[in-house]
Amino acid sequence: MFSNNIKIAIRNLMRHKGYSAINIFGLAAGLVCCLLIILFIAHEVSYDRFHRHADRIFRVVTEERGERGTARLATTNTPLAPLLATEFPGMETIIRLIPYSVVVKVENGQLFQEDKLLFVDTAFFDLFSFELLHGDRNTALLEPFSLVLTQELAMKYFGSVDVVGRFLTLEAKHVFKVTGVVAEIPKASSINFSMLATINSAPDIIGSWIFHHWYHPPIYTFVRLKPNASSEEINAQIPAFTKARIGERQAYRSYSLQSLTAIHFTPELTNELVPTTSPVYMYTLSALAALILTLACINFTNLATVRSLARAKEVGLRKVVGAERQELIRQFLSESTMYVIIAFVIALVALEFLLPFFTSLTGKELDHSLLRNPYLILTLIALLFGVGVVAGVYPAFVLSNFQPIRIFRGEAGSSGSNKRGIRLRSALVVVQFAISITLIVSTAVIYSQLSFIQDKNLGFNKEQVVVVPVRDETIQQNFLRVKTSLQAVPGVSSVTALSNFPWERGFYDFPMKVEGMGKEFETDAPTLLVDEDFLRTLGMEISVGRDFLKNSSADANEAFIINATAAKKFGFENPVGMKLTMNSVSSGNPKKGEVIGVVKDFHFQSLYHEVEPLVITISPEIYYIDNVVVRLKTEHISETLSLLEAQWHNIVPDRPFEFFFLDQAFNNLYRSETQLASIFNTFSLLAVVIGCLGLFGLASFTIQQRTKEIGIRKVMGASVAGVVVLLSKDFIMLVLIANILAWPIAYYAMSAWLQDFAYRVDMSWWIFAGAGGLALFIALLTVSIQAVRAALANPVEALRYE
């Protein structure tokens, strides 16, 4: 019986090629979208699960409380780990990771800047399950000046991966021995590196102070708990431990354990080693996949019911010769499942071609290996047959319910054309277009927000600005010489220096005392440490007072500039002249002076954040000079960069010249939003296409039902235009109803998304009207094709046998 059902299904598929192609295309489109997003979700949830005992590995995170609220940090500091080891016996292994950027000199004398060096404790390979191709896991990081490379870096430096025993020179004078080579790091890893060095070598390169300093450098602390230890119990004990072992000096800090497998989904933490993902992003794509697949199933149902009239006699004959209704249901479900299987195969083929495109959209390195996960295979099988049943169950029950006596009386399809059936099909079309309109509105709002971000006046000019990170004390100690040399390069407009950009590790935050107009209070304020030409180079505007004077020792030692938000916070009508004492800024000593000017607010963070009160002062110490900022003239940029590199090497011949453009760095802050917009744009287009197929099916069904009516109207003198309007008005009403349903849903969803931005676009009425108008135009175009064909048909053909 089953083989007979398959033969009949194949026969029907081949007999109605156009119908079958449309149906299979709709299903395949929905399935390939679902497959792509399933791959994405599988990739995301697989983060860090390749480590043995991943369920027992935790990261220690920090909360810092201050005037501006609580900041959650992915980092701690080096003195914490030894204290934890002595206080918590449930911690089986504790290691520290110290990220650092170094210059590497290879055997042929070439220099490379490596930003992904980690100084790590000896137990690194005991805690983490990175595969070691060469070397011994137990001893590779045991001796000082030992170095483990990734296979990619080994090939880059030596042209081979079997390089254990070779040597590299770090920071021009420290010779390290290669003791191991790591296989390619899994893409789904929250720990990324190009080289590992023993942590007991860090003092030689960074300084011995790093093991005793509670403020710098920020490091990552990981622990593995014993099998019977509880992270909840340890988290409950940490506050008492902090008070007893660390003391009041760290009272504003608290610590807790975070599961390794949760790291990837906590975007609220700062100082992450690897970029994280918001769970909302994953949920949004999951919902998008479900919507697209729902559209495809609705499309299948509508098209299947269109075919019900053509198969009415087949059903009648089979019932007359004894076919039971259950048998007919199995037949039609078999057909729908076969359609789904064919569509699934086509979707797998399409996946091969679309995966690189989807990878570029999401920014994730997805591959087919994720499909080999046994749980994912079971999910796909369930999806395959689930879609077959869901998409085919209604047509199966409709077709199997035809009554033979009514069929042979010429009332074929009466059961399919009753009011309940019409209402259901109309409701399905409404749902299809409501989904499509919601996606169109969402896409428009996301693009509007991105345009708003790109066009918003940030309060400074970020164009034609090159930033050169400072990796060498030579640059800091000779900054005036560096500045003079770079300013002399043709094509350079101006040069300045900056402590750090807030997206790297936040602002510096120094406690300060404010005095003036009979008031005195203490506060904390974000601080930028700069050189005298900072505001001029970036085109910032002074609203009150003046800028720093060039070559002024008084301004260098005693002057502060605040932004408008800080002036408002401090509560002075005219803040110029008020006294500031900034503590702990210069080797622990305060910097005292007065406010000489107020700069208009500028956005030095993403627009997720409101402008904060900000204090700007000339750096009192050379070690705050972390970035050289160069404004270029508009012409001959590539030649100017070459000249800058040459000048740079004249001063620091042992360090590569690296740079980035400031405008590109700001654009990178919104990479996930750009990717989301591209995904919505692509899937919205697909949703509209699938929705049109469903509408095409319903229009075909309706026009087929009204063929005789159309013939009579034409005989009575109705025009082609009149017939088209008659046939189209019901579908226009369906799309209007879809708009009424879609608009509030889209408004609510996009309002929630926009809430994350401190500065956001207003959702104008024209976005909703435009989406509705576009959907209406597409629906009219789809229906009109069918309606015009019916209106132009010869009425004699419709009435020949009446």
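Placed above this text is the structure.
Note that this is a predicted model, so its numbers are computed, not measured. (Residues numbered from 1 in each chain as written. Predicted model: local features only at pLDDT ≥ 70, side-chain atom pairs only at ≥ 80, totals over all residues. Heavy atoms only, no water.)

## A look at helix α15 (residues 479–487)
And step 1. Listed in full, the buried residues belonging to α15 are F479, V482, K483, S485 and L486. Projection of α15 onto a plane perpendicular to its axis shows the buried side chains occupying an angular sector of 165°, all on one side. Away from its buried face, by an angle of more than 90 degrees, α15 presents the exposed residues L480 and T484.
And step 2. Where the residues of α15 are buried, they touch α14 (473–477), β13 (492–498), β21 (627–632) and α20 (637–651). (Buried < 20%, exposed > 50% of the residue type's maximum accessible area, 1.4 Å probe, protein only. Helix = DSSP H or I, 4+ residues; strand = E, 2+ residues; numbered from the N terminus. Arc of directions from axis to C-beta. Contact = heavy atoms within 4.5 Å.)

## What to know about the pairing of strand β6 (residues 146–150)
And step 1. Here β6 lies mainly inside the structure; five of its five residues are buried.
And step 2. Residues S146, V148 and T150 line one face of β6 and the alternating positions L147 and L149 line the opposite face, and both faces are buried.
And step 3. Sheet analysis places β6 next to strand β8 (residues 174–182), joined by five bridges and oriented parallel. Pairing of V148 across the sheet is with G180, part of β8.
And step 4. The sheet contact formed by β6 and strand β9 (residues 195–198) spans three bridges and is antiparallel. Bridged to L147 within β9 is A197. (Pairing = 2+ DSSP bridges.)

## Points about the pattern of salt bridges
And step 1. In the structure shown here, the tally under the stated rule is 19 salt bridges.
And step 2. Between E272 and R59 there is a salt bridge, and its shortest N-O distance comes to 2.8 Å. Of the two residues, E272 is situated in the loop between β11 (253–259) and α8 (279–306) and R59 in strand β1 (residues 57–66); the sequence distance between them amounts to 213 residues.
And step 3. For E463, the salt bridge identified is with K462, shortest N-O distance 3.8 Å.
And step 4. Judged by its relative accessible area of 36%, E463 is partly exposed.
And step 5. Relative accessible area serves as the criterion here: at 14%, K462 is assigned to the buried category.
And step 6. In this structure, a network of salt bridges that share partners links the residues K483, D531, D533, R536, D547 and K550. (Salt bridge = Lys/Arg side-chain N within 4 Å of Asp/Glu carboxyl O.)

## Examining the packing of aromatic side chains
And step 1. Applying the stated criterion to the full structure yields 28 aromatic pairs.
And step 2. For the pair Y747 and F768, a centre-to-centre distance of 6.3 Å together with 45° between the ring planes defines the contact as tilted. Here Y747, found in helix α24 (residues 720–754), pairs with F768, found in helix α25 (residues 765–792); they are 21 residues apart in sequence, far enough to count as distant.
And step 3. Among the residues examined, Y747 registers a relative accessible area of 46% and is labelled partly exposed. (Phe/Tyr/Trp six-rings, centres within 6.5 Å; stacked < 30°, edge-to-face > 60°.)

## Notes on the nonpolar core
And step 1. The biggest cluster of nonpolar side chains holds 108 residues, and the ones touching the most others in it are L528, F534, F604 and I616.
And step 2. Considering each element in turn, this core owes the most residues, 15 residues, to helix α2 (residues 17–45). (Core = buried A, V, L, I, M, F, W, Y, C linked by side-chain atoms within 4.5 Å.)

Without other data, these values stay purely geometric and don't point to any function.
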